Amino acid sequence: EAPARKTDALAKGDRAYSRGDLPRAEKEYGRAIDGGGPEAADARYLRARVRVERGDLDGAEADASAVISATPRHWEALCLLGMVREKQGRRADAAGYFQRALEIAPRELAPRTNLAFLALQDGRDRDAYDLLVSLVQDFPQSARAWRHLATAAERLGLAGEATNARNAARRVAEADDQEPE
């Protein structure tokens, strides 16, 4: 009986999240966590994500940390905890979590983008540029990566590359109906 309720709660949480009903999503993910079983870690990660969006950084930190304790190679929870640390102003900790996620999932978009964005924010433009060149080669559909590459190239005095990256960001955004800037 409990697994069906848990699975149902997880599905309800997903539906609430997709509708933008974050309080309901958080509640349903909590029910899925309470149900235990193999999906509890995923529900805890999803609730942490909702809590970040709702501004509950302490709750998000607790959930993401619990996921990492139970599943140390959960790269998405590592990225999420990095985002929490960044929002808390703990940038070195954030970079460490993003780096751990990258080591586990080197071909994923999120850890690479997060590290590059952090490098840009910290003024490490060459590091950001190098990460972003590789990133847009692997993920040419990411308008965000192209925009960040344009910023890094501009800061490095690479005007032509900055223009090309801005144009690529615009093309990708228009094709996918993303926000170009």
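Look up: the structure comes first, before these words.
No experiment lies behind these values; they were computed from the predicted model shown.

S.K.: Before we go on, may I ask you to explain the layout of surface pockets in this structure?
M.R.: Gaps left between atoms show up when a probe the size of a water molecule is rolled over them. Each pocket or cavity is described by its volume, and for the largest pocket that value is around 210 Å³. Around the largest pocket, the lining comprises 15 residues; the ones closest to its centre are Y45, C79, M83, A110 and N114. Looking at the lining of the largest pocket, the elements that each hand over two or more residues are α3 (40–54), α5 (75–87) and α7 (109–121). The element that contributes the greatest number of residues to the lining of the largest pocket is α5, accounting for five residues.

S.K.: Honestly, the nonpolar core in this entry has me stumped. Any pointers?
M.R.: In terms of nonpolar packing, the biggest core is built from 33 residues, with L10, Y29, Y45, L81 and F98 touching the most fellow members. For this core, the elements supplying multiple residues, two or more each, are α1 (2–19), α2 (22–34), α3, α4 (57–70), α5, α6 (91–104) and α7. With seven residues, α5 is the single largest residue contributor to this core. When residues no more than four places from it in sequence are discounted, the contact partners of Y45 are V67, H74, E76, A77 and L80.

S.K.: Just to check I follow, could you spell out the environment of A92 for this structure?
M.R.: Topologically, A92 is positioned in helix α6. In this structure, the C-alpha to C-alpha distance between A92 and P38, residues 54 residues apart in sequence, is 32 Å.

S.K.: Explain the packing of aromatic side chains here, please?
M.R.: The description of an aromatic ring pair uses the distance of the two centres, along with the angle that the planes make with each other. Under the counting rule described, the total for this entry stands at zero aromatic pairs. In this arrangement the basic side chain of R49 is found over the ring face of Y17, its NZ or CZ atom lying 4.1 Å from the centre. Just above the ring of F117 sits the side chain of R144; from NZ or CZ to the centre is 5.4 Å.

Quick notes on the rules
Residues numbered from 1 in each chain as written. Predicted model: local features only at pLDDT ≥ 70, side-chain atom pairs only at ≥ 80, totals over all residues. Heavy atoms only, no water. 1 Å grid on protein atoms, 1.4 Å probe; cavity = no way out; pocket = protein on both sides within 12 Å on 5 of 7 lines; lining within 4 Å. Points joined across faces, edges and corners; volume = space filled by probe spheres on them. Helix = DSSP H or I, 4+ residues; strand = E, 2+ residues; numbered from the N terminus. Core = buried A, V, L, I, M, F, W, Y, C linked by side-chain atoms within 4.5 Å. Buried < 20%, exposed > 50% of the residue type's maximum accessible area, 1.4 Å probe, protein only. Contact = heavy atoms within 4.5 Å. Phe/Tyr/Trp six-rings, centres within 6.5 Å; stacked < 30°, edge-to-face > 60°. Lys NZ or Arg CZ within 6 Å of the ring centre and 35° of its normal.

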